[in-house]
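Take a look at the letters that make up each chain.
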Amino acid sequence: MLNPNQDRLDYGQVLTPPVGFRLDFAVGTTYSLDLDALVGACIALGLSEETDSALLNNPICLLEALRSTGDKVALFCEGGQIHMPNNVTPLYVLLEKMVFQVTTRKHRGISRYPSFHPKFWLLRYINDDKEVLYRVVVLSRNLTFDRSWDVTFCMDGRLTEETTDKNDPVCDFLSYLSNFAGDKKLAVRRMMRELPYVEFELNSKEFYDYDFIPVGIKASDGSYHNITDYPLFSDSFHEVLIMSPFLSNGIIKDFNDRNPYINHSEYILLTRAMSLDRLKAKDCANFKIYTLKDAIVDGESLISEENSAILQQDIHAKVYMVRKNSDSDLYLGSLNASHNAMNGNVEFMMRLRSKNRYLNLSKLTEQLFCGEEDAVSNPFQRVTLSTEQAATVTEDTQSLLDGVLKELVRNRPHARVEDCGDTFSIKVYPGILSTPYQIEISPLLSNKRAFLAEEMVFQGLSLTQLSEFYKVYVSDGENSISRVLMIPTEGIPEEREKAIVSGVINDKHCFYQYIAFLLGDDHMLSSLESMEIQKQAGSTSRSQGYQLPPLYEKMLQTAATNPGKLKEIDYLLKTVSADGVIPENFEKLYDTFRKVVKLDD
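Bear in mind the structure is a predicted one, so any value in this text is a computation, not a measurement. Sequence order as written defines residue numbering, which begins from 1 separately in each chain. Only residues with pLDDT of 70 or above have their local features reported here, since the model is predicted, and side-chain atom pairs are shown and tallied only from 80 upward, although totals for entire chains, interfaces and linings are computed over all residues. Side-chain numbers here rest on the full set of heavy atoms in the structure, without hydrogens or water.

1. Regarding the overall build of the protein chain
Counted only if it meets this: Elements are defined by DSSP. Helices are runs of H or I of four residues or more, strands are runs of E of two residues or more, and each kind is numbered from the N terminus. Relative accessible area decides the class of each residue, using a 1.4 Å probe on protein chains only: under 20% of the type maximum gives buried, over 50% gives exposed, and in between gives partly exposed. When checking whether two residues touch, look at their non-hydrogen atoms; a contact exists if any pair is within 4.5 Å. Each accessible area value is a Shrake-Rupley result obtained with a 1.4 Å probe; residue values ignore everything except the protein chains displayed when judging cover.
If you tally the helices and strands in the protein chain, you get 18 helices and 25 strands. Looking at the protein chain as a whole, 54% of its 601 residues qualify as buried. In the protein chain, the proportion of contacts linking residues at least 24 apart, taken out of those at least 6 apart, comes to 73%. For the protein chain, the exposed area adds up to about 28300 Å²; of that, 45% sits on carbon and sulfur atoms.

As structure tokens, this is what we get:
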């Protein structure tokens, strides 16, 4: 069930539509977001290929993946936690319509802003027979390339004629997200109206029931969803296992002290070595404590020539297993065993109900340890805290710099584009922010940078450099962080997307490749075919022109087997603006096909 050596799951596998289905709409959440990882998710959602597929290196495939998912994905992340992409291209502008920043409000008695921390997907798929399939995914993993060990749960559900209240917490969660959903608010609310009729199936002999547990948001009755309403944080148990990378001593102490009347109880805590100094030895005396072995944390970096800081791995999963008598529960999701997670953060967890014969401490640790505790294959090592150890909590520089970004996002910055003839300028208004830190801002697709001011002007930008994504750099003189912010920007010309598409589909070769790729059933095969077309075209004089018969045959086949697919050519014809790209007579040919297969009907 949780054997890290065997039970590996690719993020893209979870998102890819089932065979015969296609994505209709998806809502996703993450704390931190890597735009490159979001592109990979679009490959899985739109093309049903792996997130690290070679298609990522083909601009035509990338364009189709982003085009086909742009209106179908609403991805919510913590404002100020979008990571810098490695290789920025103008195509990333197409991600703007998918990404929505969430800004939480301060709670009474808490000095800092809570974090938007859930890792969650709700996906609606549909097939040609109009059958609807829902998939819910609850993770501990952000949509980034972090290599840490995480946990994922997913299950599918179908529409029924009867309603259920099992999905009410998810509806409340969607209601919260809809406040940040912009022009996709109606699509999110359509899912809310349909969810009461969706019946999810566990399809598991180990688990007989489940609960969705959003945390830190309002319920439909005006109360708040809170993890403390569940037995995990209120009951006593015979067995407790906690896996959490980040800890607060008070949370662990509560588990440690909660079972004074149960004589035979066992406690296990799995965490990061860096989190041990947050614990007082006497407050976790009942726990056996484990961390990943150094060889596991550093292992991949030792055999790689790449940056070891990127390749290091550690625990990032959040798992709680508790057993009382014959009843066992497994909680998993985004919630750390920390004060911040329990008090203010927005989180999402799953509770899976089981029995002792299927789930208990012995069975779970055997999976996690890959056998016995002393086995060579056990990735964990037991550690012992000093009896004199006292919890030390210091706010690290990273948190302080992140706090500056939180303030900047909540200042509601905005921007405006001005047409200067052959070029454009952007004026950014970040709002008044009094801070001792140095802040610089730059348009994502430009190297022009400016220090924070009431009005910041970026001149000499091309049409394809205009974007609502901006790079932000925060420094205290010694340490710095860089992130991407979404800043609402007025006046971006409507023809920007046409210019970006025309930058990719810039001649007849590319046009033929895109059509071939668009109409192919196997995207990887179509990609290889399109590259072969390009290779042959490179060895052929352009004056020889292009042959329509192969394309005509592909369109005939598509018209016979999947006529609706032909309509997707509309996007290409409407957005390609450069002269000489669309072959002569192609539009006339396409109009003929439209009439024959009655696309307009």
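2. Here we look at helix α6 (residues 249–257)
Note the following rule: Note: the arc covers the axis-to-C-beta directions of the helix.
Buried within α6 we find Asn 249, Ile 251, Ile 252, Phe 255 and Asn 256. Taken end-on, α6 shows its buried residues confined to a sector of 165°, consistent with a single buried face. Where α6 is buried, its residues touch β11 (239–243), β12 (266–270), β13 (287–292) and α10 (339–342).

3. Description of the environment of Tyr 331
This is how it is decided: The definition of a polar contact used here is a pair of N or O atoms within 3.5 Å, where within protein one atom must be able to donate a hydrogen and the other to accept one, and adjacent residues in sequence count solely through side-chain atom pairs.
By the element assignment, Tyr 331 lies in strand β15 (residues 327–333). Not counting chain neighbours up to four residues away, the residues in contact with Tyr 331 comprise Ile 213, Tyr 230, Pro 231, Leu 232, Lys 318, Val 319, Tyr 320, Val 322, Met 349, Met 350 and Arg 351. At 3.3 Å, the side chain of Tyr 331 and the side chain of Arg 351 are in polar contact.

4. Concerning the pattern of salt bridges
Pairing between side chains of opposite charge can happen when their charged atoms approach one another. This is how it is decided: A pairing counts as a salt bridge when a side-chain nitrogen of Lys or Arg comes within 4 Å of a carboxyl oxygen of Asp or Glu.
Under the defined criterion, the tally for this structure stands at 27 salt bridges. Taking the shortest distance from any N to any O, the salt bridge between Lys 97 and Glu 497 comes out at 4.0 Å. Within this pair, whereas Lys 97 is found in the loop between β4 (82–83) and β5 (99–102), its partner Glu 497 is found in helix α13 (residues 496–504), the two being separated by 400 residues in sequence. Classification of Lys 97 as partly exposed rests on a relative accessible area of 31%. Notably, a salt bridge pairs Lys 324 with Asp 235, separated by 3.1 Å at the nearest N-O pair. With a gap of 89 residues between them, Lys 324 in strand β14 (residues 318–324) and Asp 235 in the loop between β10 (207–215) and β11 connect regions that are remote in the sequence. Each of the salt bridges in this network shares a partner with another, and the network as a whole consists of Lys 166, Asp 209, Asp 211, Asp 329, Arg 351 and Arg 353.

5. Quick look at the side chain of His 225
Residue position: His 225 is located in the loop between β10 and β11. Residues within four places of His 225 in sequence aside, it is in contact with Pro 169, Asp 172, Pro 214, Val 215, Gly 216, Ile 217, Lys 218 and Ala 219.

6. Digging into a negative patch on the surface
This is how the line gets drawn: Every patch collects residues that have over 30% relative accessible area and no salt bridge, joining them within 9 Å if they carry like charges and within 5 Å if they are nonpolar side chains (Val, Leu, Ile, Met, Phe, Trp, Tyr). For the charge count, each Lys or Arg is scored as positive and each Asp or Glu as negative, with His and the chain ends excluded. Each charge is placed at NZ for Lys, CZ for Arg, CG for Asp and CD for Glu.
Taken together, the side chains of Glu 161, Glu 162, Glu 199 and Glu 201 define an acidic patch exposed on the protein surface. Structurally, the position occupied by Glu 201 is in strand β9 (residues 198–201). Note on Glu 201: relative accessible area 38%, which makes it partly exposed.

7. Quick notes on the packing of aromatic side chains
Stated precisely, the cut-off is as follows: Two aromatic rings from Phe, Tyr or Trp, using only the six-membered ring of Trp, form a pair when their centres are within 6.5 Å; if the ring planes differ by under 30 degrees the pair is stacked, by over 60 it is edge-to-face, and anything between is tilted. A positively charged side chain is recorded as over a ring if its NZ (Lys) or CZ (Arg) lies within 6 Å of the ring centre. The angle to the ring normal must also be within 35 degrees.
Going through the model one piece at a time under the given rule, you end up with 17 aromatic pairs. Each ring, one from Tyr 290 and one from Phe 369, has its centre 5.0 Å from the other, and the planes form 50°; the classification is tilted. With a gap of 79 residues between them, Tyr 290 in strand β13 and Phe 369 in the loop between α11 (361–368) and β17 (380–383) connect regions that are remote in the sequence. The two residues Tyr 290 and Phe 369 agree in class, both being buried. Judged by centre distance (5.9 Å) and plane angle (55°), the rings of Phe 369 and Phe 380 are tilted. Residue Phe 369 is located in the loop between α11 and β17, and its partner Phe 380 is located in strand β17; the two are separated by 11 residues in the primary sequence. On the accessibility criterion, Phe 369 (5% relative accessible area) is buried. Among the aromatic residues, those joined into a cluster by ring pairs are Phe 120, Phe 173, Phe 200, Tyr 210, Phe 212 and Phe 348. One Lys or Arg, Lys 106, reaches over the ring of Tyr 113 and ends 4.8 Å from the middle of that ring. Lying over the aromatic face of Tyr 473, Arg 449 brings its terminal NZ or CZ to 3.6 Å of the ring centre.

8. Overview of the side chain of Glu 440
Tracing the sequence through the fold places Glu 440 in strand β20 (residues 438–443). Leave out the neighbours within four places in its chain, and Glu 440 touches Arg 449, Ala 450, Phe 451, Lys 471, Val 472 and Tyr 473.

9. So, the packing of helix α4 (residues 168–178) against helix α5 (residues 185–194)
Our working definition: Axis angles are defined between N-to-C directions and span 0 to 180 degrees, where every axis is a line fitted to C-alpha atoms and, for a helix, only to the segment in contact. Any angle from 65 to 115 degrees is called roughly perpendicular, while one under 35 is roughly parallel, one over 145 is roughly antiparallel, and all others are oblique.
The interhelical angle for the contact between α4 and α5, taken along N-to-C directions, is 170°, at an axis separation of 9 Å. It follows that α4 is roughly antiparallel to α5 by the angle criterion. Along its contact with α4, which presents Cys 171, Leu 174, Ser 175 and Ser 178, the element α5 presents Lys 185, Val 188, Arg 189, Met 191 and Met 192.

10. Focus: the sheet that holds strand β8 (residues 152–159)
Rules: When DSSP finds two or more bridges between two strands, those strands count as paired.
Ordered in space as β5-β3-β1-β6-β7-β8-β9, the seven strands form an open sheet in which the pairing is mixed. What marks the edges here is a single partner per strand, and that holds for β5 and β9. Each neighbouring strand pair of the sheet contributes to a mean axis angle of 20°, computed without reference to strand direction. Two strands pair when backbone bridges link them, and strand β6 (residues 120–127) and strand β7 (residues 132–139) are joined in this way by seven bridges, in the antiparallel orientation. In the strand pairing of β7, Leu 122 is matched with Val 136.

None of the figures reported here should be taken as evidence of function without further support.
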